[in-house]
Every structure is written in structure tokens, then in C-alpha cells.
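Structural overview for review
The primary structure of each chain is shown beneath.
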Amino acid sequence: LLEPMLLQRDGRFDFAGIPPGQYTLVVLYSGSARVAGPSGAALGLLGTRGSAMSAPIAPGPIDRSAPPAPTEQLWASQAIAVGESDVTGLVVGLNAGITLRGRVEYAGASRPPTEQELQRVSVTLMPATTGLLQTRGGSATLRSDRSFEVSNLVPGRYAVYPTVAAPWRRVLSITVGGVEMIDTGLAIEPKDSAEMVVTMTDAPGATIKGSTLLKPGESVEEIEVCLFPTDRRLWLEPFVALRRYSVAPLTTAGEFTLSGLQPGEYFVATHRIQGAGPGGPSVDWIDAPVLEGLSQSAQRVRVAEDETRVIVLKR
């Protein structure tokens, strides 16, 4: 991966000192100074990582009295073969952003949102990974028929975060073309046309309650309980499968509660908070190498929909 190159004002660009080989040239253009970002539990659990992913790109002062500028994102992806001679005169055409269409369904005993309440419900897409060539995501509010359109997307993989609010606090399913992708993320392709269906539920989800014994010299303020999936494939892009991660503090009696969980199999382990102190649970453990270390002494727990399990967490 080469260092990104900003375009000159007339659209010219050049990369120097490139070794011979096969490359893909990616061009991204965003006509907005703002980007969509995760909110609520997603941003809270990611901490500083979430802040970095949601930070706006602001090249200059923003006139907040003016109406928001239309958000336009153009893109191009072109294969290039580099030999011993320079590649010159390359002309790259930009493509219009892609539009994702979908709808939100509500499965449960509670009253579905009214038309007025739907105006406060949105579906947000965030890039699945960060990197040098970071695309922005997008967000759209629901129409009265619970449909939505997220426009100006570029090809890539995205995490999907609909608005959660009482009593619809949990995402039950996210499908595209009938294929479940709640844990794997959404792959946007240039000619995609399949509709996304987001299903929300008022069911509280599974709960794991437990207790653990502290070691001599430890205090409950410096130890937390972490829950993460046993499927190691979900460790590579935890932002996509954030619903499978949870953390809980210990009470003075050494007890903890992990609630609102998706059904499945998890590792449960204790983790020493780095720089323990006020400010809530840490997020420094959500990293594949750290998760591998935690898994060595973790306890496996499988929970079903709306099940409550009680465990004694050995250390």
C-alpha cells in the first residue's frame, strides 16, 4: 500500500519510485466536510478508536447558519501494470456513489414506532476498517413506510448500525438478499441492487450473571469482565461484530452482569484495566492479539435467545 496522494487543483497526480508490479489505483472524492459516525453504544465501546473513525474532515471553517451542503462521494478503482518504464497520460473517470435501499421491521409484542417517532430513527453505515484510504459512511432516516436510502457510498465493506431506543433496544437480524450479515458486515459492490432488511426486537436478549474471586492485592476498581465471541474470524474486524462484545465492572462483592447479548458462544474473562480509575470500562482489550491471550484462561459460555446463565468465573 503506497502513501495516498492528494490531487492537484487541475486533477493531476503522480506517484514516484514505484517498483514494477500489478497495482490497483483507488480514487475517492467527497464533496462534504462532514462524515457519518457511530453513535451510542458503538462509540462508547470503541472509545478512542470510535472517535478516530467518526472524526470529521474539516479543511476550513464551517458556516453553521447555512443549510448543509449535499454530500457527494465519487470513486474509481482501476488496475494498473507498472513496468520498467514510466506510466504517463493515465486518465481516470470517476463513478457516482452507490445507493443502498432497505427497510426496518419490528418483531415483538411492543407497539411499533409511530410515523412521528420514525423521524428519529436512522440507519448508519460505517466503513468496516480504518486505513490510509478511509472512505466515509452514510446515514438515512426512515420514511413513514419504514424504508430508507443511504446514498453516495463507494464499494467496500461496512458495519450497519440502526438507531436503538426503548423498547426496541436490540438488532435481531440484518439481511441483504435474504443472506444474514449481522456479524460479517455489508459488502457494497458497484451494481448492487438487493434490498437490506433490518429487524429490530424488543426482546431483552441473553444475560450472563456471575461472580469471581479477586487475587491478593487486587481491587474491584482495577478488574473488569470482558465478553467476546469464540469465533476468531470476528476478532479481525470487531467493529463489524460489535454486538458480540461486552464489558462489565465488578461490584464490591465481586459480581457482574452482562446483558442484552445476542445468542451464541462466548469467551468470558477478567481483564486488568490499564490506568484504572474513574471514567468507566476500558476498550484496550478489543484487539486480536489481546483476545487470543484472554481466551487462554477464559470460560466458554453458550447462551440462547432470552436465556439467563449464572456462572462462577475462575481465574
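Data block above holds the structure.
On a predicted model such as this, the values are computed, not experimentally measured, just so you know.

Definitions and cut-offs
- Residues numbered from 1 in each chain as written.
- Predicted model: local features only at pLDDT ≥ 70, side-chain atom pairs only at ≥ 80, totals over all residues.
- Heavy atoms only, no water.
- Helix = DSSP H or I, 4+ residues; strand = E, 2+ residues; numbered from the N terminus.
- Buried < 20%, exposed > 50% of the residue type's maximum accessible area, 1.4 Å probe, protein only.
- Core = buried A, V, L, I, M, F, W, Y, C linked by side-chain atoms within 4.5 Å.
- Contact = heavy atoms within 4.5 Å.
- Pairing = 2+ DSSP bridges.
- Axes fitted to C-alpha atoms, helices over the stretch in contact; angles between N-to-C directions.
- Phe/Tyr/Trp six-rings, centres within 6.5 Å; stacked < 30°, edge-to-face > 60°.
- Patch = residues over 30% accessible without salt bridge, like charges linked within 9 Å, V, L, I, M, F, W, Y side chains within 5 Å.
- Areas by Shrake-Rupley, 256 points an atom, 1.4 Å probe, with all protein chains shown as cover.
- Salt bridge = Lys/Arg side-chain N within 4 Å of Asp/Glu carboxyl O.

**Things to note about unusual backbone geometry**
In this model, Ala-166 is joined to Pro-167 through a cis peptide bond whose omega is 0°. Along the polypeptide, Pro-167 turns up in the loop between strand S7 (156-162) and strand S8 (170-176). Residue Arg-146 is not a glycine yet carries a positive backbone phi of 70°. With respect to the element layout, Arg-146 can be found in the loop between strand S5 (138-141) and strand S6 (147-153). A residue is classified by how much of its surface remains accessible, and Arg-146, at 27% relative accessible area, is partly exposed. A positive phi angle, close to 60°, is found at Asn-152, a residue other than glycine. Note on placement: Asn-152 falls in strand S6. Asn-152 gets classed as buried once you look at its relative accessible area, which sits at 16%.

**Some points on the nonpolar core**
By size, the foremost hydrophobic cluster in this structure holds 28 residues, and its most contacted members are Leu-125, Leu-186 and Met-196. For this core, the secondary-structure elements that each account for two or more residues are strand S3 (98-107), strand S4 (122-127), S6, S7, S8, strand S10 (186-188) and strand S11 (196-201). With four residues, the top contributor of residues to this core is S3. The contacts of Leu-125, once residues within four sequence positions are left out, are Leu-100, Gly-137, Gly-138, Val-150, Leu-153, Tyr-158, Ala-159, Val-160 and Leu-186.

**Re the sheet that holds strand S16 (residues 264-272)**
Judged by pairing direction, the sheet is antiparallel, and its four strands sit side by side in the order S14-S13-S16-S17 without closing on themselves. Only two strands of the sheet have a single partner each, and these edge strands are strand S14 (246-249) and strand S17 (299-303). Going from strand to strand, the sheet's axes swing by 30° on average, the running direction of each strand aside. Pairing of strand S13 (residues 223-229) with S16 involves seven bridges; the strand directions are antiparallel. Bridging from a neighbouring strand, Ile-223 pairs with Arg-272 of S16. With respect to the sheet, helix H4 (residues 288-295) is in contact with S13 and S16, its orientation differing from that of S16 by roughly 95°.

**Some details on the packing of aromatic side chains**
Inspection of every chain in the model, using the stated rule, returns seven aromatic pairs. When the centroid spacing of 6.2 Å and the interplanar angle of 70° are considered together, the rings of Phe-13 and Phe-15 count as edge-to-face. The class for Phe-13 is partly exposed, based on a relative accessible area of 27%. Considering the side-chain rings of Phe-228 and Trp-285, the 6.3 Å spacing of their centres and the 50° angle between planes classify their relative orientation as tilted. Pair noted here: Phe-228 is in strand S13 and Trp-285 is in the loop between S16 and H4, with a separation of 57 residues, a long-range link. Judged on exposure class, the residue Phe-228 and its partner Trp-285 are both buried. An aromatic cluster of three or more residues is present, and its members are Phe-228, Trp-235, Tyr-245, Phe-267 and Trp-285.

**Some words on a nonpolar patch on the surface**
A surface patch of nonpolar side chains, amounting to about 240 Å² of accessible area, comprises Leu-2, Met-5 and Phe-15. Within the secondary structure, Phe-15 is located in the segment before strand S1 (21-30).

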